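# Chains, contacts and geometry: an overview
Next come the chains, spelled out residue by residue.
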Amino acid sequence: MSQPTGDGRDIESAVAIYTAVAMRGGSARVGESGTDGLGGLAGPAGLDDERLAAGLRTLTAMGLIRRADGRIETVDPDAALAVAMDTYLGTAAAQLRNAAALSETTQALLTVFRPVVARLQEQVDVQHFEDPESRQSSVADIEASARETMDSLHPGPMPLDMAVLDKALAGDVAMIRRGVRVRALYLRSQLRVPKYAKYLHDLSDAGVNVRLVDHAAHDLLVMDRHTVVLPGIPHEHATSMTLVRGAVLARSYAAVYEDYWLRAAPLSAVARPDSEDGLGLTDQERSIIRLMANGYSDDRIARTLGVARRTVQRVMTKLMERLQVSSRFEVGLKLAQLLDPEELWP
């Protein structure tokens with residue numbers, strides 16, 4: 001077993017501790033000495049107290065663990081790498097002083113710890129978060145560690161506080177600058193609110209590929225096809241969060257996202273809300289017709305589109321008058337005769 005290096009780093013012990021903590025859900029208790037309560041992790045790897053302490057120092061120096069409330073928690077290697085890079089790029093003087101340390105840290109993160117996490121993520125790991133701070137911390141780690149793709153689905157109402165949206169836009173811009181492909185799905189009805197319409201166009205101008213859907217079951221975020229974020233309770237994403245890691249299960253959620261994406265309309269192709277097409281149908285009428293064809297009730301259509309029930313009823317009444325029919329059923333029959341189903345989509 002290798003011994004600690006001259007600078008006190010012990011990569012082998014650090015790998016053993018990191019792996020053991022990760023297999024226990026990414027968290028373990030520590031005492032005042034910094035190692036109390038970790039003996040059960042060191043035993044199987046044959047670590048004595050000195051090696052255990054050296055491994056913990058190494059993990060701390062590399063940003064792979066954080067301490068809170070008497071516990072240590074593992075940090076994703078890519079997130080640790082992002083922090084290390086930000087620190088390195090801070091000032092030219094810091095770059096020169098820390099070049100050797102950065103090289104060693106980067107090498108260990110990429111060649112040692114990333115494979116460890118890759119092996120762990122092949123297994124399905126599900127975590128549930130109720131505390132707002134832990135939810136925000138986990139999402140921040142996910143965004144910082146994204147390297148290839150970040151796909152998000154937002155079927156609920158946007159935050160009233162535009163500062164929240166501005167912060168989200170800044171995060172998307174940071175990922176795009178790192179070369180991450182960012183896609184986002186939002187409700188078509190958001191275009192009817194000027195400030196939200198502006199935000200969606202700002203996203204698009206920043207490089208985010210934006211598409212619009214009529215409705216979706218719940219919020220969804222898929223990162224690099226191996227990490228998924230879901231609301232703990234559908235339609236109540238602000239109360240709890242479920243984090244799923246592991247390509248085996250994440251691939252299924254990625255396929256669901258792709259299905260929404262293929263059926264969504266590009267922001268650039270969507271006409272101004274409520275503008276009439278050559279058939280005399282507005283965007284709102286097309287949306288209501290599609291949901292009605294799927295068996296939705298007036299109440300459910302109203303909830304899905306974010307409008308009042310009487311708005312849905314008024315639209316249906318106007319359609320019946322325009323088509324000169326007396327029932328919703330006849331509306332469907334008449335439209336089937338007059339339209340190609342593809343014409344209901346922008």
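Everything discussed here concerns the structure shown above.
The rules behind each value
Residues numbered from 1 in each chain as written. Predicted model: local features only at pLDDT ≥ 70, side-chain atom pairs only at ≥ 80, totals over all residues. Heavy atoms only, no water. Axes fitted to C-alpha atoms, helices over the stretch in contact; angles between N-to-C directions. Helix = DSSP H or I, 4+ residues; strand = E, 2+ residues; numbered from the N terminus. Parallel < 35°, antiparallel > 145°, perpendicular 65-115°, else oblique. Contact = heavy atoms within 4.5 Å. Nonpolar A, V, L, I, M, F, W, Y, C, P; charged D, E, K, R; others polar. Buried < 20%, exposed > 50% of the residue type's maximum accessible area, 1.4 Å probe, protein only. Pairing = 2+ DSSP bridges. Phe/Tyr/Trp six-rings, centres within 6.5 Å; stacked < 30°, edge-to-face > 60°.

### Here's the deal with the packing of helix 4 (residues 77-88) against helix 6 (residues 132-145)
For the pair helix 4 and helix 6, interaxial distance at closest approach is 8 Å and the crossing angle is 75 degrees. Comparing their axes, helix 6 and helix 4 come out roughly perpendicular. Between helix 4 and helix 6, the residues in contact are D78, A79 and A82 and D141, A144 and S145, respectively. Here the residues of the contact of helix 4 with helix 6 sort into 3 nonpolar, 1 polar and 2 charged.

### Some thoughts on the pairing of strand 8 (residues 220-223)
The alternating pattern of strand 8 places L220 and V222 on one face and L221 and M223 on the opposite face, and all of these are buried. Pairing of strand 5 (residues 149-154) with strand 8, which is carried by 4 bridges, proceeds in the antiparallel orientation. Counted as the bridge partner of D151 is V222 from strand 8. In the sheet, strand 8 pairs with strand 9 (residues 227-231) via 3 bridges, with the strands oriented antiparallel. Directly across from L221, in strand 9, lies its bridge partner V229. Hairpin connection from strand 8 to strand 9: 3 residues lie between these consecutive antiparallel strands, with D224 at a positive phi of about 50 degrees.

### Focus on the environment of F129
You can see F129 is positioned in strand 4 (residues 125-129). With relative accessibility at 12%, the residue F129 sits in the buried group. Along the sequence, F129 and L243 sit 114 residues apart, while their C-alpha atoms lie 7.9 Å from each other. Residues within four places of F129 in sequence aside, it is in contact with S134, R135, S138, S240, M241 and L243.

### Observations regarding unusual backbone geometry
For D224, which is not glycine, the phi torsion reads 50 degrees and is therefore positive. Residue placement: D224 occurs in the loop between strand 8 and strand 9. Judged by relative accessible area, which is 14%, D224 ranks as buried. The phi dihedral of R225 is positive, around 60 degrees, even though this residue is not glycine. Under the relative-accessibility criterion, R225 is labelled partly exposed at 43%.

### Concerning the packing of aromatic side chains
Applying the stated rule across the entire model yields 2 aromatic pairs. Between Y186 and Y199, the ring centres sit 6.4 Å apart and the planes meet at 85 degrees, which makes this aromatic pair edge-to-face. Of this pair, Y186 sits in strand 6 (residues 181-187) while Y199 sits in helix 8 (residues 194-206), placing them 13 residues apart in sequence. The exposure class of Y186 is buried, given its relative accessible area of 6%. Among the residues examined, Y199 registers a relative accessible area of 3% and is labelled buried.

### Section: the sheet that holds strand 3 (residues 71-74)
Pairing in this open sheet of 3 strands is antiparallel, and the strands run 1-3-2 from one edge to the other. Of all strands in the sheet, those bounded by a partner on one side alone are strand 1 (27-29) and strand 2 (65-68). The mean angle between the axes of side-by-side strands here comes to 25 degrees, regardless of whether they run parallel or antiparallel.

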